[in-house]
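Secondary and tertiary structure notes
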Amino acid sequence: MARYRSAEIRGEKQPVRFAIGPGTLVTAAFIGPGTITTASVAGASFGYALAWGLVVATFAAIILQDLAARLAIVSDKGVGRLLGEALPKGVLRFVIIGVAIVALYGGNAAYEAGNLVGGALGIGLLVKDVEVPRLVTVLIPTTIASFAVMSPNYRTIERRLLVIVALMATAFLVTAIIILFRTPETPPAPLWPLRIPNGGASIALALVGTTVVPYNLFLHGAAARERWHGGGDTGSVDQMLRASRIDTVVAIGLGGLVSLAILFLAARLSFSTSIYGPADMARALAPLFGIAAQGIFAFGLMTAGVTSAVTAPLATAYAFGEFTGRKAPFGSREFRTVALSVVWIGAFFALFGGTPIGIILTAQLANGFLLPFAAIGLMALGMSRAIMGRHRLTGFHLILVAIVVLVALTLGGRLIMRTFGAL
């Protein structure tokens, strides 16, 4: 941080170039098979009635992710390190950090399994006329994710993910446009703002839970720090914060739009067939709208699984290093070891770990534990004058963050109770 402040004092600051960057990693992370499945079920079961839930979830994600990036840019430290330093010293600190690492590692391994299964499902739908063994379809996204986390530097992986996310978003949005111009005669259920239909509470909760994901906070903070403190861009903190906020709003807003497009697709297709997930949606597209629509959607599902399979290991490696205080920069041996272990543990469970429902429940339990902890911690850090200085949370911005933290507390508690109830 000192080198940026000293540059400002000497009058050497330069404009920070705006480019979509760290926000893309967050979009790649939360637009995965879990989000696609949840949005599919929401649209098929309730039409447009829960679309407002996705809008609220996207707004909450933008607020929290912007705060995570803000903390990292101002302090030049990752979110995990800031949270660890804020805890009281002693045995309690080690216990809390230990539990957080286990929950984050286990939860991300479970998410990774779901991501790889989703990527494999997309591959299977793309080559539906050829019988491909499950081992092969799972190993393809596993191999891609493994090579990605072995990338030598952050900017390389950022650029590659940007291209893949753009292709994924295009696939889902194009499919939605195809449906829009070839709409079934019977319209879906009307949109009722801020109303949860009977039986829709758990789905509404899941829509928020798949969009506001705690490991994305660690990922975004670390990526923002890499992008603006380690990527060669110079300039004032205000310029970096402005560029980061635009990046966050644009990238995560695009992710919310993709989620809405998937919900829209499911609502339209549900009049011709029963929709229980993305595979049913893909199969329903061919007879109604042609094989091209099915192929585009399947490609989107495959890329969603692959991009999420890359980001979950990265988030784990970043958080592990920050919580433990070990300086393991991107591309180091320790960083790669942690990231690769998440990929291959996820692959093992994707192949031999039982039903997808069990994997999802495990991930939700970890999500429910970490989300309130991370949200409250971020707000406390954001209010700290010692850490944030004149960039601390105040006024309307603080009110917005407080509202989102209340949502996170409610969501985390409900996720834990629902998971234990299901188990």
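Here the residue index of a chain counts from 1 through its sequence in written order. Local features in a predicted model are, by the rule used here, given only for residues with pLDDT of at least 70; side-chain atom pairs are given and counted only at 80 or more, and totals for whole chains, interfaces and linings are based on all residues. Side-chain figures throughout are based on the complete set of non-hydrogen atoms in the structure, without hydrogens or water.

Description of the packing of helix 3 (residues 33–46) against helix 9 (residues 201–209)
Axis lines are fitted to C-alpha atoms, over the contacting stretch for helices. Their N-to-C directions set the angle, which ranges from 0 to 180 degrees. Only DSSP runs of H or I reaching four residues or more are called helices, and only runs of E reaching two or more are called strands; each is numbered from the N terminus. Where helix 3 contacts helix 9, the axes come no closer than 9 Å and their chain directions differ by 150°. With respect to helix 9, the element helix 3 is oriented roughly antiparallel. As for the relative orientation of helix 3 and helix 9, their crossing is left-handed in sense. Where helix 3 abuts helix 9, its residues Thr 38, Ala 39, Val 41, Ala 42 and Phe 46 lie against Ile 203, Ala 206 and Leu 207. Should an angle fall under 35 degrees it is taken as roughly parallel, and over 145 as roughly antiparallel, whereas 65 to 115 is taken as roughly perpendicular and any remaining angle as oblique. By definition, turning the near helix anticlockwise from the far helix through less than a right angle yields a left-handed crossing, and turning it clockwise yields a right-handed one. Working rule for contacts: check all heavy atoms of both residues, and any pair within 4.5 Å makes them a contact.

Things to note about the confidence of the model for the protein chain
Per-chain confidence: the protein chain averages 80 in pLDDT, with 80% of residues scoring 70 or above. Taken together, the stretch residues 1–13 has pLDDT below 50 and engages in 22 contacts with residues farther than four places along the chain or on a different chain. Every residue is assigned a pLDDT by the predictor, reflecting its confidence on a scale from 0 to 100.

A look at a nonpolar patch on the surface
Patches in this entry comprise residues that are over 30% relatively accessible and not in a salt bridge; like charges within 9 Å are linked, as are nonpolar side chains (Val, Leu, Ile, Met, Phe, Trp, Tyr) within 5 Å. For accessible areas, the Shrake-Rupley method is used with a probe of radius 1.4 Å. Any residue's cover is judged against the shown protein chains and nothing else. Here, a salt bridge means any Lys or Arg side-chain nitrogen found within 4 Å of an Asp or Glu carboxyl oxygen. A cluster of nonpolar residues, Val 91, Leu 92, Val 95 and Val 99, forms a patch on the protein surface that exposes about 370 Å² of accessible area. Tracing the backbone through its elements, the reader meets Leu 92 in helix 6 (residues 91–126). A 1.4 Å probe rolled over the protein chains alone gives each residue an accessible area, and that area as a share of the maximum for its type sets the label: buried under 20%, exposed over 50%, partly exposed in between. Among the residues examined, Leu 92 registers a relative accessible area of 53% and is labelled exposed.

A closer look at the environment of Ala 309
Take Ala 309: it is sitting in helix 13 (residues 291–324). Residues Ala 309 and Val 342, spaced 33 residues apart in sequence, show a C-alpha to C-alpha distance of 9.4 Å. When sequence neighbours within four positions are dropped, the list of residues in contact with Ala 309 reads Glu 112, Asn 115, Leu 116, Ala 145 and Val 343.

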